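# Structural features, examined
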There are 2 protein chains.
Amino acid sequence: MTVEFAARGSHAEIEEGTALAPKFDADGLIPAIASDAGDGTVLMMAWMNAEALKATIETGEAHYWSRSRREMWRKGGTSGHVQKVREVRLDCDQDAVLLLVEQEGPGACHVGYRSCFFRRVAPDGAGGVRLETTGPKAYDPKAVYKTKP
Amino acid sequence: MTVEFAARGSHAEIEEGTALAPKFDADGLIPAIASDAGDGTVLMMAWMNAEALKATIETGEAHYWSRSRREMWRKGGTSGHVQKVREVRLDCDQDAVLLLVEQEGPGACHVGYRSCFFRRVAPDGAGGVRLETTGPKAYDPKAVYKTKP
C-alpha cells in the first residue's frame, strides 16, 4: 500500500469526501492522538510530519516526529513499547490524526505511566488548583530506558 | 476556584510535579483533546489559549480558541452541544490537555457525527488509500446550525 496525499479540495470535499488530504501546519506537522483500541484510554499526543504519517499507515506501527530532536521516530524503538495501529482516523477538517492502537508493553508514557495524561487538575484546598496523579506507575522507566534516561 | 498557572520549572517538576504549568506554543495555544468520560471515544481535538483553559477549569464547561475566528468559544454555544467537563488532564510535558467530558446532545462534530474522527484510512482497492466513513450521522447539522451553516 502506497500512501499519497491529495490536494486540499473544497470545504465539502475535505469534511465529507474520501480523499486523504491532511493539513500540515506551517512547520509541516499535524497533531496525532493515540488511544487504546480496546478501552478508549487516550495514551498520548504527539506530532507527525508527512513522512511519519505515511510510515504509520504503510507499516501499521505508530511513527511520530520529534520536535526537540528534529527526527522521525518509531514509537517503542528504544523501550519496546510499540504501538500496533488498528485504525488511522482523520477529523472533519483533516487537521488532526487519531490512531486506535494496541499498546505493546506496560505503557505509552516515558515517565512510567500507561498514559501520558496521568495527572488531573484538582482543587488545592486554598482556592486554587494543583495537579493530582490519577494512579500508580505501570513500569520503572529507569529499567526500560537504560541508555537513554 | 481561581486558576493561576505556575512558571515552567525543572524537567522533573513539569513531568511529575503538582504545579499546573502548561506550555503554550508561539501563538499562545495548547492542543486540547475531548474524550467521552463514559466510553472513552475521542470526540474532537481543538485549541485553547490561556483564557480558554482557565474558563474550562473554572466553569466546568469546555471552552476553546478558534484559530479561524480568533476568539474564545464555549463549545455548544450555538448548537447546544455543551461539554460538561468531568476531568481536565495534562500530559507529562504539560503541552497537551485532555478533557474527559459528558457530551450533551447527539454529537461533538459540526458535520453531524458524534465524533469528529468519523473517517478511517482504508485501502482504495488500487494500491492506494481512501477515507471511509465509520458510521452514520448522529444528527442533521442543518437543523441544528440554523443561522450558522
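All figures in this text were calculated on a predicted structure; none of them were measured in a lab.

Let's shift gears to the state of the cysteines. Note: disulfide means a covalent bond formed between the sulfur atoms of two cysteine side chains. Residues and elements named next belong to chain A. Within the structure shown, the criterion is met by zero disulfides over all chains. Cysteine Cys109 is unpaired, with the sulfur of Cys116 as its nearest cysteine sulfur at 3.8 Å. The exposure class of Cys109 is buried, given its relative accessible area of 0%.

Bringing the pairing of strand 8 (residues 129-133) of chain B into the picture now. In the sheet, strand 7 (residues 119-123) of chain B pairs with strand 8 of chain B via five bridges, with the strands oriented antiparallel. The partner of B:Ala122 across the bridge, within strand 8 of chain B, is B:Arg130.

Here we take up the relation of the copies chain B and chain A. Take chain B, turn it by 180°, move it 0.0 Å along the axis, and it overlays chain A with an RMSD of 0.0 Å. Interpreted geometrically, this transformation is the action of a two-fold axis. Residue B:Gly40, judged by its C-alpha, is the member of chain B lying nearest the rotation axis, at 2.2 Å. Looking at chain B, 100% of its interface residues are interface residues in chain A too, so the copies touch through the same face.

Moving on, we come to the UniProt feature "binding site: Mg(2+)" (unreviewed entry) in chain A. Sequence positions flagged by UniProt for "binding site: Mg(2+)" (unreviewed entry) are, in local numbering, A:Asp91, A:Asp93 and A:Asp95. Its location among the elements puts A:Asp91 in the loop between strand 5 (83-90) and strand 6 (97-103). Residue A:Asp91 is classed as buried on the basis of its relative accessible area of 2%. Contacts of A:Asp91, omitting those with residues within four sequence positions, involve A:Ala96, B:Cys116, B:Phe117 and B:Arg119. Residue classification places A:Asp93 among the partly exposed residues on the basis of a relative accessible area of 30%. In this view, A:Asp93 contacts A:Arg8, A:Ile14, A:Glu15 and B:His110; residues no more than four positions away in its chain are not counted.

Moving on to unusual backbone geometry. Non-glycine residue A:Arg70 carries a positive phi angle of around 55°. Following the sequence through the fold, A:Arg70 ends up in the loop between strand 3 (63-66) and strand 4 (71-74). Although it is not a glycine, B:Gln94 adopts a positive phi angle of roughly 55°. In this structure, B:Gln94 sits in the loop between strand 5 (83-90) and strand 6 (97-103).

Criteria and cut-off values
- Residues numbered from 1 in each chain as written.
- Chains lettered and ligands numbered in written order.
- Predicted model: local features only at pLDDT ≥ 70, side-chain atom pairs only at ≥ 80, totals over all residues.
- Heavy atoms only, no water.
- Disulfide = S-S within 2.5 Å.
- Buried < 20%, exposed > 50% of the residue type's maximum accessible area, 1.4 Å probe, protein only.
- Pairing = 2+ DSSP bridges.
- Helix = DSSP H or I, 4+ residues; strand = E, 2+ residues; numbered from the N terminus.
- Least-squares fit on C-alpha atoms with pLDDT ≥ 70 in both.
- Contact = heavy atoms within 4.5 Å.
- UniProt positions renumbered as here; feature names shortened; annotations may be inferred.

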